[in-house]
Amino acid sequence: MTALRVSALLTLIGLAFMVWSMIEPTPLPVMLAMSVGQAFGTAAFGIYLWVVVRELRREYRRVPPQDRS
Amino acid sequence: MASWIIANPLIAAAIGCAGGSAILLLWYLLRRPALSHATKLVLLAAIGVLPLATATTGNVAGFEATKARRFCGSCHVMTPYQNDSEDPHSPALAARHARNALFGEDNCYACHADYGMFGTIVTKAGGMRHIYEYVFHYHDMSLEEARRTIHIRKPFQNATCMHCHSTEGPSWNAIKEHASLLDRVRGGEVSCASVGCHGPAHPFSKLEDVR
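Residues numbered from 1 in each chain as written. Chains lettered and ligands numbered in written order. Predicted model: local features only at pLDDT ≥ 70, side-chain atom pairs only at ≥ 80, totals over all residues.

A look at the overall build of chain B
Moving on, step 1. For chain B, the helix and strand inventory stands at 13 helices and zero strands.
Moving on, step 2. Written out in order from the N terminus, the α and β elements of chain B read α-α-α-α-α-α-α-α-α-α-α-α-α.
Moving on, step 3. By the compact-globule yardstick of 17 Å for 211 residues, chain B is too spread out, its C-alpha radius of gyration being 23 Å.
Moving on, step 4. Its C-alpha atoms give chain B principal-axis dimensions of about 80 × 40 × 30 Å.
Moving on, step 5. Looking at chain B as a whole, 21% of its 211 residues are labelled buried.
Moving on, step 6. Long-range contacts, defined as pairs at least 24 residues apart, comprise 51% of the intrachain contacts of chain B with a sequence gap of at least 6. (Helix = DSSP H or I, 4+ residues; strand = E, 2+ residues; numbered from the N terminus. Rg over C-alpha atoms; globule rule 2.2 N^0.38 Å. Buried ≥ 20, exposed ≤ 12 C-beta atoms within 10 Å, placed from the backbone. Contact = placed C-beta atoms within 7 Å.)

A look at the interface of chain A and chain B
Moving on, step 1. The partner chain B presents 29 residues to the 28 residues of chain A that form the contact.
Moving on, step 2. Every element with two or more residues in the side of chain A that touches chain B is listed here: helix H1 (2-23) and helix H2 (27-62) of chain A.
Moving on, step 3. A per-element tally of the side of chain A that touches chain B places H1 of chain A first, with 13 residues.
Moving on, step 4. Broken down by class, the residue content of the side of chain A that touches chain B amounts to 19 nonpolar, seven polar and two charged. (Nonpolar A, V, L, I, M, F, W, Y, C, P; charged D, E, K, R; others polar.)

A closer look at helix H3 (residues 37-65) of chain B
Moving on, step 1. With 29 residues, H3 of chain B extends 40 Å from end C-alpha to end C-alpha; this agrees with the ideal 42 Å at 1.5 Å per step.
Moving on, step 2. At Ala45 of chain B, H3 of chain B is deflected by roughly 35 degrees, the largest bend along its length.
Moving on, step 3. Within H3 of chain B, burial applies to Leu43, Ala46, Ile47, Leu50, Pro51, Thr54, Ala55, Thr57, Gly58, Ala61, Gly62 and Ala65 of chain B.
Moving on, step 4. Packed against the buried residues of H3 of chain B are H1 and H2 of chain A together with helix H2 (9-31) and helix H4 (69-72) of chain B. (Expected span 1.5 Å × (residues − 1). Bend = angle between axes of the 7 residues up to and from the residue.)

Pasting the structure below:
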C-alpha cells in the first residue's frame, strides 16, 4: 500500500519536527513543529483514514446484499 | 540533555510516544506486512494515537518553553535584554523583577503577557508577529541598529504592573507619589515605567536623552 507508506513517512517527518522542538526549544523549531510538523501529522492521519475507509467499503461491497446485516 | 528531559514529564512523555510511534512505523515500512485488521490497529496507534499524544504534550511543553527568557533571548536582537535580566547587579526594572522568584526565568513573559480574557491567545499571536518581523526584517541587524530601531509596539500598560501591584495595599498607598497619582495610575495616564517614576524597564535600550 503506497499511500500508507507515504502516510508513515509523513508521520515520521512530523514527529521529527516535534521532537526537535522539544530538544531545542528555540523559535524556529517550535514554530516549525506547531505548523509544518502538525500539518504533516494531520495529512498522514487523513491518508490513513482514507485508506482504511476505502478498504472497509471494498469489503462491504464484496459481501452479497442478502448476507449484509 | 537527558536530565533536562527526565525533569520535564511532559517532554519525556512526548518523546516516549514519538519513539513508540517511530518503532511501529519503521516496523511497517521495513517488514511491509499485509493490511490485516491487526496491521490497521498497529497503524492506528502509530499514525493516529501516539502522534496525537506527542502533539498534545509537545504543544503544552512548547507553550511553556515560549515563556522562558532563554526562548526570547534566542533571537540575537534580544541578547542585551536577556543579559541585563540575568545580571545580578543590574538596577534595571526588568532585572529586579527577574531576581524575584515569582518571575524568575519567565520574567519576559510575566511582564509582556496580555492578562485579558483571551490574553494567552493574544500574547501568542503577538509572538508569531515577532517571529515574522525577526525573520524578515531584523535577522541580520546589528545589535546597535536593533537598539535604535526596535521598540515596543504599544505603550506599556499599567494594567500589567497592576496584575501584581494591585494599588490597593496600604504599603503601596503609603508612598505619597502613589497616593497622589492613584487615579491617574489606575487610568493609565501616568505610566509606572515613566522616567519620573520607576523609569524604563530596559534603560539601556532607550536613546541617550531618555536615560
